[in-house]
Amino acid sequence: MPVGYALVMDPPPVEDYLRLRADAGLSPKTEEQAVAGLPGSWAACHVVHEVTDQVVGMGRVLGDGGWYFHVVDMAVHPGHQRRGLGDAILTALLERIRVSAPGGAYVNLLADPPGRRLYARHGFAETAPGSVGMALTLG
Ligand SMILES: CC(C)(COP(=O)(O)OP(=O)(O)OC[C@H]1O[C@@H](n2cnc3c(N)ncnc32)[C@H](O)[C@@H]1OP(=O)(O)O)[C@@H](O)C(=O)NCCC(=O)NCCS
């Protein structure tokens, strides 16, 4: 971990989760969605800035525990980006899969532009054109 930050291997508190998604430019979610969703994480972590005690980074893995894992909610507060926090978060989540899941785990994610180089450094490769991401948001 970069000096001055602590990694906690749990989801962030609901209010920090909602704030950090918005601050990082991810789509806003409701408290109801966060309260229902965070306990469903297969793995999660957040980063605390030790001087201010603020949650400034997070990431989660949704998974079946067997072979299929999906990385979501990768976010670092803009004031703390480009210090290696995103790298530390992803490293911790992938290590958790390596340690806790059977061999052969398939790990995927939907990569927004800010994270693409980070994910590629960790071995992620684009699936298109063979497989493209498709999404549906229900009303
Ligand atoms: C994607 C995201 C989580 C990355 O977080 P981050 O903490 O900035 O990630 P890192 O610091 O580990 O790496 C980012 C860059 O900073 C560089 N960096 C790391 N430590 C550094 C340091 N001490 N000094 C200068 N640069 C540094 C890395 O090399 C990397 O460079 P690159 O992207 O040009 O290859 C962050 O940009 C973010 O929250 N973006 C908005 C939300 C988002 O789009 N999330 C992804 C959804 S898929």
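These numbers were taken from a predicted model, which means no experiment stands behind them.

UniProt feature "domain: N-acetyltransferase" (unreviewed entry): in the numbering of this structure it lies at residues 1-139. Taken end to end, residues 1-139 comprises 28% helix and 24% strand; its first and last C-alpha atoms sit 40 Å apart.

Right, let's get into helix α3 (residues 85-100). Between its first and last C-alpha, α3 extends 23 Å over 16 residues, near the 22 Å set by a 1.5 Å rise per residue. Three or more residues of α3 are buried, namely Leu-85, Gly-86, Ala-88, Ile-89, Leu-90, Ala-92, Leu-93, Leu-94 and Ile-97.

Inspection of the region around the ligand gives 19 residues, with Val-76, Arg-82, Gly-84, Gly-86 and Arg-121 positioned closest. Here an oxygen atom of the ligand sits 3.2 Å away from a polar atom, N or O, in the main chain of Arg-83. A distance of 2.7 Å separates an oxygen atom of the ligand from a polar atom in the side chain of Arg-121. Burial of the ligand by the protein amounts to 74% of the accessible area it has alone, namely 940 Å². In this structure, the ligand is accommodated by the largest pocket. Among the secondary structure elements, those contributing two or more residues to the shell around the ligand are β4 (68-76), α3 and α4 (116-121).

A separate point is the pattern of salt bridges. In this structure the tally under the stated criterion is four salt bridges. Residue Asp-16 pairs with Arg-19 through a salt bridge whose shortest N-O separation is 2.9 Å. Remark: Arg-19 and Asp-16 occur in helix α1 (residues 14-23); sequence separation between them is three residues, near one turn of the helix. In this structure, the salt-bridge partner of Arg-19 is Asp-23, at a minimum N-O distance of 3.6 Å. Of the two residues, Arg-19 and Asp-23 are both situated in helix α1; the distance of four residues between them amounts to about one turn of the helix. Overall, Asp-23 belongs to the partly exposed group, its relative accessible area being 35%.

All of the buried residues in α1 are Asp-16, Tyr-17, Leu-20 and Arg-21. One face of α1 carries all of its buried residues, which in axial projection span an arc of 130°. Here the buried face of α1 lies against α2 (31-37), β3 (54-63) and β4. Following α1 by one or two positions, Gly-25 has its phi on the positive side, about 90°.

We now examine the side chain of His-80. Among the secondary structure elements, His-80 is positioned in the loop between β4 and α3. Given a relative accessible area of 12%, His-80 falls into the buried group. Engagement of the side chain of His-80 in a polar contact is seen with the side chain of Tyr-5, the distance being 2.8 Å. Not counting chain neighbours up to four residues away, the residues in contact with His-80 comprise Tyr-5, His-49, Val-56 and Leu-85.

Thresholds, definitions, all that
- Throughout, residues of each chain are indexed from 1 in the direction in which the sequence is written.
- Since the coordinates come from a predicted model, pLDDT governs what is reported: local features require at least 70, and pairs of side-chain atoms require 80 or more to be given and counted, while whole-chain, interface and lining totals use all residues.
- Derived side-chain values reflect all non-hydrogen atoms in the structure, with water molecules and hydrogen atoms excluded from consideration.
- UniProt positions are given in the numbering used here, feature names are shortened, and annotations may be inferred rather than shown by experiment.
- Numbering of helices and strands starts at the N terminus; helices are DSSP runs of H or I of at least 4 residues and strands are runs of E of at least 2.
- Residue count minus one, scaled by 1.5 Å, sets the expected span of a helix.
- In this scheme, a residue with accessible area under 20% of its type's maximum is buried, one over 50% is exposed, and one in between is partly exposed, where area comes from a 1.4 Å probe on protein chains only.
- Only a single heavy atom is needed: when it lies within 4 Å of a molecule or strand, its residue is near that molecule or strand.
- Two N or O atoms count as a polar contact when they lie within 3.5 Å, although within protein this holds only if one can serve as hydrogen donor and the other as acceptor, and sequence-adjacent residues are included solely when both atoms are side-chain atoms.
- Only the protein chains shown count as covering a residue, and every accessible area follows the Shrake-Rupley method with a 1.4 Å probe.
- Every definition here rests on a 1 Å grid over the protein atoms only: cavities are sets of points where a 1.4 Å probe fits but cannot get out, pockets are open sets enclosed by protein on both sides within 12 Å along at least five of seven lines, and lining residues have some atom within 4 Å of a point.
- A cavity or pocket is said to hold a molecule if more than half of that molecule's atoms lie within 2 Å of its grid points.
- Whenever a carboxyl oxygen of Asp or Glu lies within 4 Å of a side-chain nitrogen of Lys or Arg, that contact is scored as a salt bridge.
- Each direction from the helix axis to a C-beta atom contributes to the arc, which is the arc of those directions.
- We call two residues contacting when some pair of their heavy atoms lies within 4.5 Å.

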